[in-house]
Amino acid sequence: MRLRVEFTTEPFDLDEAPPHAVVARDVVTGAGLDAVDVGPFGNTAEGDADRVLDAVGALLRQSLQAGATRVSLQVNVIGEAARGEGDAA
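The rules behind each value
- Residues numbered from 1 in each chain as written.
- Predicted model: local features only at pLDDT ≥ 70, side-chain atom pairs only at ≥ 80, totals over all residues.
- Heavy atoms only, no water.
- Helix = DSSP H or I, 4+ residues; strand = E, 2+ residues; numbered from the N terminus.
- Buried < 20%, exposed > 50% of the residue type's maximum accessible area, 1.4 Å probe, protein only.
- Contact = heavy atoms within 4.5 Å.
- 1 Å grid on protein atoms, 1.4 Å probe; cavity = no way out; pocket = protein on both sides within 12 Å on 5 of 7 lines; lining within 4 Å.
- Points joined across faces, edges and corners; volume = space filled by probe spheres on them.
- Nonpolar A, V, L, I, M, F, W, Y, C, P; charged D, E, K, R; others polar.
- Pairing = 2+ DSSP bridges.
- Axes fitted to C-alpha atoms, helices over the stretch in contact; angles between N-to-C directions.

1. Regarding the overall build of the protein
For the protein, the count of helices and strands is 3 helices and 4 strands. For the protein, the N- to C-terminal ordering of α and β elements is β-α-β-β-α-β-α. Across the 89 residues of the protein, 31% fall into the buried class. In the protein, once contacts between residues fewer than 6 apart in sequence are set aside, the share between residues at least 24 apart is 66%.

Below is the structure:
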């Protein structure tokens, strides 16, 4: 199964990326995920379900420890995995 995660960390700082945002981005870019896209107001990454779920756990733990007061995220099943579920029925 393939998943896409979209996330943001708060509080925002428009002048410089706060430590919690840097930590979250480092976790995702170092997790061996595909199609990683980081930006000032949101980040996305795709990959194998196990890798995405492991990255989400690490992202939550490490960004909260680095000072995040809120982490918003969404995880979606994407691509061939979504079609494959219907084929199995």
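2. Some remarks on the layout of surface pockets
As a volume, the largest pocket reaches approximately 190 Å³. For the lining of the largest pocket, the secondary structure elements donating two or more residues are β1 (2–10) and α1 (19–29). Looking at the lining of the largest pocket residue by residue, the class counts come to 10 nonpolar, 6 polar and 2 charged.

3. Notes on the sheet that holds β1
What the 4 strands build is an open sheet, ordered β2-β3-β1-β4; its pairing is antiparallel. The strands lining the two open edges of the sheet, one partner per strand, are β2 (34–38) and β4 (70–78). Strand-to-strand, the axes of this sheet are offset by a mean angle of 20 degrees, without reference to chain direction. The strands that α1 touches are β1, β2 and β3 (43–48); relative to β1, the one it contacts most, it runs at about 165 degrees.

4. Observations regarding unusual backbone geometry
Residue Pro 11 follows Glu 10 across a cis peptide bond; omega there is 10 degrees. With respect to the element layout, Pro 11 can be found in the loop between β1 and α1. Positive phi is not limited to glycine here, since Ala 35 has a value of about 50 degrees. By secondary structure assignment, the location of Ala 35 is in strand β2. A relative accessible area of 51% places Ala 35 in the exposed class.

5. Re the pairing of β1
The pairing of β1 with β3 spans 6 bridges and is antiparallel. Each bridged residue has a counterpart across the sheet, and for Phe 7 the counterpart in β3 is Asn 43. As judged from the 9 bridges shared by β1 and β4, these two strands associate in the antiparallel manner. By the bridge assignment, Glu 6 is partnered in β4 with Gln 74.

6. A word on the environment of Gly 30
Within the secondary structure, Gly 30 sits in the loop between α1 and β2. Each C-alpha atom of the pair Gly 30 and Ala 55 lies 8.8 Å from the other, and the pair is 25 residues apart in sequence.

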